[in-house]
Amino acid sequence: MKKLLNAFCFLFLLPFFQLTAQHLIPDYLNPDKSIEVRIENALSLMTLDEKVALCHAQSQFSSSGVPRLGIPEINYSDGPNGVREELMNNSYAHANWRNDSCTGFPALTCLAATFNPEIAYDYGVAMGEEALYRKKDVLLSPGVNIFRTPMNGRNFEFMGEDPFLTGQLAVPVIKGIQSNGVAACVKSVALSNQETNRKYINVMVSDRALHEIYLPAFKTAVEDGKSWTVMGSYSRLRGQYCCQNDLLLNKIIKKDWNFDGVILADWGGVHDTHEAALNGLDVEMGTNTDGNLSKYDDYNNYNLGFPFLRLLKNGEIPLSVVHDKCRRILRLIIRTSMNRNRGFGKFVCEDHSAIARKVAEEGIVLLKNENNLLPIQKGKYKKIAVIGENATRNLTAAGGSSELKVKYEISPLEGLKTNFGKENITFSYGYSAGPNTWGKVVDSKLDKDSLFKAAVETARNADIVLFIGGLNKSWFQETEGSDRKSYNLPYNQDDLIEAIQKVNKNTVVLLLSGNAVAMPWLQKVPALLQCWYSGSEAGNAIANIISGEINPSGKLPFSFPKKLEDNGAMSFGGKSYPGDSVVHYMEDILVGYRWYDTKKIVPQFPFGYGLSYTSFEYGKITTDKKTYKTDDTITLSFTLTNTGKTDGSEATQVYATQSKASVLRPAKELKAFKKVFLKAGETQTVEMKIKVKDLAFYNEKTQSWIVEPGEFIVRNASSVADVKSSISITVSI
Ligand code: BGC
């Protein structure tokens, strides 16, 4: 009887208790309420001090929640291609944890070279999972600044010189990261195109170049990628710092793009309370955080801390300003740290290694392969010489905020030994760069001449040489904080390659870098591969390409000029780069291939270029109609045949040109691309779509996008310089 009574009470009273419990949950904690209801409820319960506390950092990589209400804080982490190790609470010093070594994913430059949005999504998912496992709520990735000059020390962190390619790959990265309930942070808006004087450089750029070149990838990331956060940059745009820039943050991002997320400052990018408060910044990070907080008392003294509070209290700044920021920050918290549905993530697992390897394999670009020297059949050569420091150097560490402490990093030498048998490989350094040191160059203690001579002897005695060099993450190479000093390879590598190829004609050069370099030796070496910074699996991916287990399919996301002055930004002298406190973007909209192509300057390697171990034949491009209205979509197609004996993928590209325009338009602009896998001998019809409105240019007079009626030429191509066929279409009003 007692049991029956208990069962009765349980069954009939439970819903009542549940109802009461639910009733007691305030709206902001109730996941069944809409996000906007939750935000308004939380805001109504907060004091002004609590509201202001949301708007600035509370440690080097976190910002406050509302402790009294149980609203969790936000934890941020770099970076663009993996989850950075734990840092000290109040500085950039490493915290030396033992459980924070991550998977090193390839740099975004390598991802861009895949031309593959599907793999970009997997890359985002995997990085988001690693961030979630490490209890991070915002992953500061992806970086989408445009490659303007090869001197920029941070080019490796971004996705090349084309705004369309960058935007199309940023979207899946963002969606992948955010599928974990971890926010992506698209950075750094805008005009972070050089490291020299980066903390104050004042960029003078036309509205057209701003809207056509430097902003579109951010726009796509916000509008299509729905990124939950955006980071401002250190630069100034026409005199006003980007982290507190009314035009960029309020007008363009929040109003024109309808952004509902949070705009973060780059660390130390805020300089003024009024501007930061009023011009659209939401969260101030990193101001004066140099590990010496005593000077500033605490984080409350940030611009968006006590100084902001004072201005709100005395009425100089209306409360609506802090309320807008809080709504956005609460939205971010509900999407991330307060999201009870998100899982727990995963960290350093086989799946992530496989994704890292696949991105590296698909991103490596074969630039030259005379007489099919590559791939190297296993067993063909008994004496393979591997020469060059990058064959063993750790390239995931250092470089500033993209530095990674990885669980493991397969070096090219290790990968090659595993693949070809260590008994067949001899290694020689050839050159030595010295340690990576922030803020200065420290020379290697090893004797340069002996390294050089030993390498030449190793080459002389080998059947084939794999020279593995390039740049690295040292100061004045590829790192945050400094630009390169020279377009040539450092550490006397040019002379070394010359000397090696003199004694061994079978010399293959592998460049590990995220930037273009001069190649005075190019005509003399039969094979060349661009291998980027490819993360934990770099060595396995490189070995798989060299041995032919993987057929290369990467294409260049930026052009390699023959000489530095051939590059648009570099052709106008110091005013255009690096400037002093002001820099003038004198090449205007003709950035990257738009410059070489329009000015008819032949680059060493053009944008979109990359070879394969097989060959492809393109059919003639056709479109579904001849004439289109501005709201239409062009559907185009062509056949693609793998005419070789090896299966392989080809990143096909479509460029458009306006025949007669009222303003200068680039000779060609990338408007669509598709990576297609074909078995040997197979043919497929490739179909792509272009919205007519994407043929527009930015009209400075009307401050809007305009498609002029008339003829456009649409071309299918294997690179910007290798057009296969073209078709004329007409746009009518
Ligand atoms: C970099 C950002 C980075 C931030 C936090 C800044 O110096 O410019 O890209 O996310 O530091 O480490």
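Everything discussed here concerns the structure shown above.
Only a predicted model underlies this, so the values are computations on that prediction, with no experimental measurement involved.

**Notes on the overall build of the protein chain**
Helix and strand content of the protein chain: 18 helices and 28 strands. The C-alpha radius of gyration of the protein chain comes to 27 Å, within 12% of the 27 Å expected for a compact globule of 733 residues. Projected onto the principal axes, the alpha-carbon positions of the protein chain cover approximately 85 × 70 × 65 Å. By the burial criterion, 62% of the 733 residues in the protein chain qualify as buried. Counted over contacts in the protein chain with a minimum sequence separation of 6, partners at least 24 positions apart contribute 75%. Taken as a whole, the protein chain presents about 28100 Å² of accessible surface, with 53% of it coming from carbon and sulfur. Charged side chains of the protein chain number 84 positive and 80 negative; the gap between the two group centres comes to 2 Å.

**Topic: the nonpolar core**
Tyr-76, Phe-308, Trp-521 and Ile-546 are the most contacted members of the largest nonpolar core, which has 191 residues in total. Broken down by element, this core gets its largest block of residues, eight residues, from helix H12 (residues 319-335). The next biggest cluster of nonpolar side chains, apart from the first, holds 25 residues, and it includes Tyr-628, Phe-638, Leu-678 and Phe-712.

**Focus: the side chain of His-323**
With respect to the element layout, His-323 can be found in helix H12. Ignoring sequence-local partners within four residues, the contact set of His-323 consists of Leu-43 and Lys-51.

**Points about the pattern of salt bridges**
Inspection of the entire model under this criterion finds 45 salt bridges. As a salt-bridge pair, Lys-136 and Glu-86 come within 2.9 Å of each other at their nearest N and O atoms. Of the two residues, Lys-136 is situated in the loop between helix H5 (117-133) and strand E4 (138-139) and Glu-86 in the loop between strand E3 (74-77) and helix H4 (108-114); the sequence distance between them amounts to 50 residues. Each member of the salt-bridge network shares a partner with another, and the members are Arg-154, Glu-157, Glu-195, Arg-198 and Glu-480.

**Topic: H12**
One turn of the α-helix equals 3.6 residues, which is why residues spaced by three or four share an orientation. Here H12 is 17 residues long and its end C-alpha atoms lie 24 Å apart, about the 24 Å a rise of 1.5 Å per residue gives. Burial analysis of H12 places 13 of its 17 residues in the buried class, which makes it a mostly covered element.

**Concerning the pairing of strand E5 (residues 183-189)**
When you tally the buried positions in E5, you get seven out of seven residues, the bulk of the element. Pairing of E4 with E5 involves two bridges; the strand directions are parallel. Opposite Leu-139, over in E5, you have Ala-184 as the bridge partner. Considered for its hand, the β-α-β crossover made up of E4, helix H6 (residues 163-178) and E5 is right-handed. Bridging between E5 and strand E7 (residues 229-232) involves three bridges; their strand directions are parallel. The partner of Cys-185 across the bridge, within E7, is Thr-229.

**Quick word on empty space enclosed by the protein**
Gaps left between atoms are located by rolling a probe of water-molecule size over the structure's atoms. If you walk through the whole model with that rule in mind, you get five cavities of 30 Å³ or more. Considered as a void within the structure, the largest cavity measures approximately 60 Å³ in volume. In terms of lining residues, the largest cavity is bounded by Arg-393, Leu-395, Glu-409, Ile-410, Ser-411, Pro-412, Leu-512, Trp-532, Tyr-533, Ser-534, Gly-535 and Ala-538.

**Let's talk about the pairing of strand E22 (residues 648-658)**
The buried fraction of E22 amounts to eleven of the eleven residues, a majority that puts the element mostly inside the structure. Pairing of E22 with strand E23 (residues 669-678), which is carried by nine bridges, proceeds in the antiparallel orientation. Within E23, the residue paired with Gly-648 across the bridge is Leu-678.

**Structural notes on the layout of surface pockets**
Quantified by volume, the largest pocket comes out at close to 1300 Å³. Taken together, 41 residues make up the lining of the largest pocket; nearest its centre are Phe-164, Lys-219, Thr-220, Lys-693 and Asp-694. Mapped onto the lining of the largest pocket, the elements with two or more residues apiece are H6, helix H7 (207-214), helix H8 (216-223), helix H9 (246-256), E23 and strand E24 (683-691). With six residues, the single largest contributor to the lining of the largest pocket is E23. Of the residues that constitute the lining of the largest pocket, the class distribution is 17 nonpolar, six polar and 18 charged. Lining the second largest pocket are 38 residues, with Arg-84, Tyr-92, Gly-400, Ser-401 and Trp-438 sitting closest to its centre. Partitioned by chemical class, the residues of the lining of the second largest pocket number eleven nonpolar, 14 polar and 13 charged.

**Looking at the packing of aromatic side chains**
One pair of aromatic rings is described through two measures. These are the centre distance and the angle between the planes. Going through the model one piece at a time under the given rule, you end up with 26 aromatic pairs. Counting every residue linked through ring pairs, the aromatic cluster contains Phe-115, Phe-164, Tyr-593, Phe-607, Tyr-655 and Phe-673. The ring of Tyr-585 carries Arg-148 above its face, with NZ or CZ at 3.8 Å from the centroid. Just above the ring of Tyr-533 sits the side chain of Lys-473; from NZ or CZ to the centre is 4.6 Å.

**Considering the site of the ligand**
Neighbouring the ligand are 14 residues, the closest being Asp-78, Arg-154, Tyr-234, Asp-266 and Glu-480. Between the ligand and Arg-84 there is a distance of 3.4 Å, counted from an oxygen atom to a side-chain nitrogen or oxygen. One nitrogen or oxygen atom from the side chain of Tyr-234 is found 2.8 Å from an oxygen atom belonging to the ligand. Burial of the ligand by the protein amounts to 98% of the accessible area it has alone, namely 310 Å². Given that more than half its atoms are within 2 Å of the pocket grid, the ligand belongs to the second largest pocket. Tallied by class, the residues present in the shell around the ligand amount to six nonpolar, one polar and seven charged.

**Quick look at the sheet that holds strand E2 (residues 62-63)**
Taking strand neighbours across the sheet as the criterion, the seven strands line up as E1-E2-E3-E4-E5-E7-E10 in an open arrangement whose pairing is mixed. Among the strands making up the open sheet, the edge pair consists of strand E1 (57-59) and strand E10 (262-264). Sheet topology places E3 next to E4; two bridges connect them, and they run parallel. Bridged to Ser-77 within E4 is Leu-139.

**Quick look at the sheet that holds strand E20 (residues 627-629)**
If you walk across this open sheet you meet the five strands as E20-E28-E27-E22-E23, and the pairing is mixed. Each edge of the sheet is formed by a strand with only one pairing partner; in this case those strands are E20 and E23. Across this sheet, the average inter-strand angle for adjacent strands is 30°, counted without regard to direction.

**With respect to unusual backbone geometry**
Of all residues except glycine, most have a negative phi; of all peptide bonds, most are trans. Put simply, Ser-141 and Pro-142 share a cis peptide bond, and its omega is 5°. Relative to the elements of secondary structure, Pro-142 occurs in the loop between E4 and H6. The omega torsion of the bond from Lys-187 to Ser-188 falls at -10°, within 30 degrees of zero and hence cis. By secondary structure assignment, the location of Ser-188 is in strand E5. Of note in the backbone geometry, Asn-258 takes a positive phi value of approximately 60° without being a glycine.

The rules behind the values
All residue numbers refer to positions counted from 1 along the written sequence of the respective chain. Side-chain atom pairs in this predicted model are given and counted only at pLDDT of 80 or more, local residue features only at pLDDT of at least 70, and totals for whole chains, interfaces and linings cover all residues. Hydrogens and water molecules were not included; the side-chain quantities draw on all heavy atoms of the structure. Helix numbers and strand numbers start at the N terminus; a helix is a DSSP run of H or I with at least 4 residues, a strand a run of E with at least 2. Two things to know: the radius of gyration comes from C-alpha atoms, and the globule rule equals 2.2 Å times the number of residues to the power 0.38. For the exposure calls, accessible area comes from a 1.4 Å probe over protein chains only, and a residue counts as buried if that area is under 20% of its type's maximum, exposed if over 50%, partly exposed in between. Note on definitions: a residue-residue contact is assigned when non-hydrogen atoms from the two residues lie within 4.5 Å. Each accessible area is a Shrake-Rupley result for a 1.4 Å probe, and residues are judged covered by the shown protein chains and nothing else. For this count, His and the chain ends are skipped, Lys and Arg are scored as positive, and Asp and Glu as negative. The location of each charge is read from NZ of Lys, CZ of Arg, CG of Asp or CD of Glu. As used here, the term nonpolar core means buried Ala, Val, Leu, Ile, Met, Phe, Trp, Tyr and Cys residues forming a set that is joined through side-chain atoms within 4.5 Å. Here a salt bridge means any side-chain nitrogen of Lys or Arg lying within 4 Å of a carboxyl oxygen belonging to Asp or Glu. To estimate how far a helix should reach, multiply one less than its number of residues by 1.5 Å. Paired strands, in this sense, are two strands between which DSSP finds at least two bridges. The crossover handedness rule: strands pointing away from the viewer, path from first strand over the helix to second strand clockwise, crossover right-handed. With a 1 Å grid spanning the protein atoms alone, the term cavity applies to any set of points in which a 1.4 Å probe fits but cannot get out, the term pocket to an open set with protein on both sides within 12 Å along at least five of seven lines, and the term lining residue to any residue with an atom within 4 Å of a point. Grid points are joined across faces, edges and corners, and a volume is the space filled by probe spheres set on the points. Lys, Arg, Asp and Glu make up the charged group, whereas Ala, Val, Leu, Ile, Met, Phe, Trp, Tyr, Cys and Pro make up the nonpolar group; the residues left over, Gly among them, are polar. Stacked, edge-to-face and tilted are the three classes for Phe, Tyr and Trp ring pairs, Trp counted by its six-membered ring, which pair at centre distances within 6.5 Å; planes under 30 degrees apart are stacked, over 60 edge-to-face, the rest tilted. Two thresholds decide whether a charge sits over a ring: the Lys NZ or Arg CZ must be within 6 Å of the ring centre and within 35 degrees of the ring normal. Being near a molecule or strand, for a residue, comes down to having at least one heavy atom within 4 Å of it. Throughout this description, a polar contact denotes any pair of N or O atoms lying within 3.5 Å of each other; where both atoms belong to protein, one of them has to be capable of donating a hydrogen while the other can accept it, and for residues adjacent in sequence the pair is counted only when both atoms sit in side chains. Occupancy of a cavity or pocket is assigned to a molecule whenever over half of its atoms lie within 2 Å of that pocket's grid points. Only the stretch in contact is used when fitting a helix axis, every axis being a line fitted to C-alpha atoms; angles between N-to-C directions are given from 0 to 180 degrees.

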